[in-house]
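Architecture and fold: a report
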Amino acid sequence: MTRPEIVPLTSFRFVAALYVFLFHIHIRWPLLPPGFFANIVLLGAVGMAFFFVLSGFILTYQYHGTSVSARQFYISRFARIYPVYLLAACLTVPWLGIVWPAHDAAPQDWFFALGQMGALVGSNLLLLQAWIPHFFGLWNDGGSWSIAVEAFFYALFPLILPVLARGSPKTWWKVAAACCLLSFLPEWIYILFQQPQPAATFYSMPIFRLPEFVFGICLCLLSGTVRVRRWDCLIGATLLLLGVYLGLVGPRFPSYVGHNAVVLPLLGVLFIGLRQSQGRFVRVLSWRPLVWCGRVSYAFYSIQVLFIILLVHYHEMLVAAVPALRHNLLLALAAFLSLLACAGMVHHFLEEPARRYLKSRLGRAL
């Protein structure tokens, strides 16, 4: 039995996807002058923590206390993510990023290049690329790495949830606190000891993002035990505190994952509040167009890499054809509307039909 959708969290998922998109645009074509609001946009990669925590929260909400088997769960997750993931990979094949040797190069050079391509393609097909930080700048791995991280979470979820579900609220609080600590501690050790590190190691390696997912599981288990009388005030204060932190304090630290010390507890308040509250924030986030945007947000996020690649390679050509796009805000608006329209088509004509087909077909075959 499918449980009712938590509509405000669906809409908020789009807000996070948009935040990441604006970050990707701003670091290439600045949208705002330096200052408070530009600082917030420049920390858009922090939005990935939202997706990982939300994943644990929503999966727990959907599957805790149900009789769904691990096999059914894996089929459902595969049908949900793989069709759009594969489409995004195919659309970005021309930009693999592998440097091919000259036609008269030595055989070992060709062997090395073919080996690179095989490793890159194979790891992407198997959703393993996030385990190889060297691949972060190749193909569309700059976006698809997070799907590989999610695949790792899905693999572990049927093992983690039953263990945590047997615990008490006291246990869930302790595990949530430990996950919050573990989510930023490895990064801060490197920062405090001023050790060099590959940029993608702690940011994209699945094992280092696992605490965020488990934190989301604990949040959902705890959400039925938390009682607050005035959720609107608390949600508003939390959003204000998050904005002030990102705008004033966040730029002082050279880390995205390191912000989890502040970001994760604030997300915890937001998620539980948006599930329980019936106030104005929930009413705003229940606006139908915004809910639709939330439902297409996976496609929006997945194919944005293609749009970024096209803008990077053909920016001058676009500006020459449409001079108004020389203004970065208009460029971002045009890219956003085009991406949203494409995401809607991908969602309605590929994502949903493929999901239903694969669930039905694989459910009968296995």
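Below, the structure is looked at part by part.

What counts and what doesn't
- Residues numbered from 1 in each chain as written.
- Predicted model: local features only at pLDDT ≥ 70, side-chain atom pairs only at ≥ 80, totals over all residues.
- Heavy atoms only, no water.
- 1 Å grid on protein atoms, 1.4 Å probe; cavity = no way out; pocket = protein on both sides within 12 Å on 5 of 7 lines; lining within 4 Å.
- Points joined across faces, edges and corners; volume = space filled by probe spheres on them.
- Helix = DSSP H or I, 4+ residues; strand = E, 2+ residues; numbered from the N terminus.
- Nonpolar A, V, L, I, M, F, W, Y, C, P; charged D, E, K, R; others polar.
- Buried < 20%, exposed > 50% of the residue type's maximum accessible area, 1.4 Å probe, protein only.
- Contact = heavy atoms within 4.5 Å.
- Salt bridge = Lys/Arg side-chain N within 4 Å of Asp/Glu carboxyl O.
- Phe/Tyr/Trp six-rings, centres within 6.5 Å; stacked < 30°, edge-to-face > 60°.
- Lys NZ or Arg CZ within 6 Å of the ring centre and 35° of its normal.
- Axes fitted to C-alpha atoms, helices over the stretch in contact; angles between N-to-C directions.
- Parallel < 35°, antiparallel > 145°, perpendicular 65-115°, else oblique.

Here the focus is the layout of surface pockets. If a probe the size of a water molecule is rolled over the atoms, the empty space left behind becomes visible. Size it by volume and the largest pocket reaches roughly 1,400 Å³. Around the largest pocket, the lining comprises 42 residues; the ones closest to its centre are Arg13, Ile58, Gln62, Arg77 and Arg80. Counting only elements with at least two residues in the lining of the largest pocket, the list comes to α1 (7–26), α3 (47–63), α4 (70–91), α6 (141–165), α14 (297–321) and α15 (328–365). By residue number, the principal contributor to the lining of the largest pocket is α3, which donates 10 residues. Residue composition of the lining of the largest pocket, grouped by class: 19 nonpolar, 11 polar and 12 charged.

Time to look at the side chain of Ser76. Mapping Ser76 onto the fold places it in helix α4. Among the residues examined, Ser76 registers a relative accessible area of 10% and is labelled buried. When near neighbours in sequence (up to four residues on either side) are disregarded, Ser76 contacts Tyr63 and Lys359.

Counting across every chain of the model gives six salt bridges. Salt-bridge contacts for Glu352 lead to Arg356; the nearest nitrogen and oxygen are separated by 3.7 Å. One end of the pair, Glu352, and the other, Arg356, are both in helix α15, four residues apart, so they sit about a helical turn from each other.

What follows concerns the packing of aromatic side chains. Aromatic rings in a pair are described by how distant their centres are and how their planes are angled relative to each other. Here the structure, examined in full by the defined rule, presents 30 aromatic pairs. Between the aromatic rings of Phe78 and Tyr82, the centroid separation amounts to 4.9 Å while the plane-to-plane angle is 20°, which identifies the pairing as stacked. Within this pair, Phe78 and its partner Tyr82 are both found in helix α4, separated by four residues, close to a single helical turn. The exposure class of Phe78 is partly exposed, given its relative accessible area of 35%. Pairing Phe300 with Phe336 gives two aromatic rings, centres 6.0 Å apart and planes at 65°, and the pair type is edge-to-face. In this pair, Phe300 is assigned in helix α14 and Phe336 in helix α15, connecting sequence segments 36 residues apart. The positively charged end of Arg77 is found above the aromatic ring belonging to Tyr154, 5.3 Å away from the centroid.

Now for the packing of α1 against helix α11 (residues 260–276). Here α1 crosses α11 at 135°, and the two axes come no closer than 8 Å. In this view, α1 runs oblique relative to α11, as classed from their interaxial angle. Residues Pro8, Leu9 and Phe12 of α1 form the contact with α11, whose participating residues are Leu270, Phe271 and Leu274. Split into classes, the residues belonging to the contact of α1 with α11 amount to six nonpolar, no polar and no charged.

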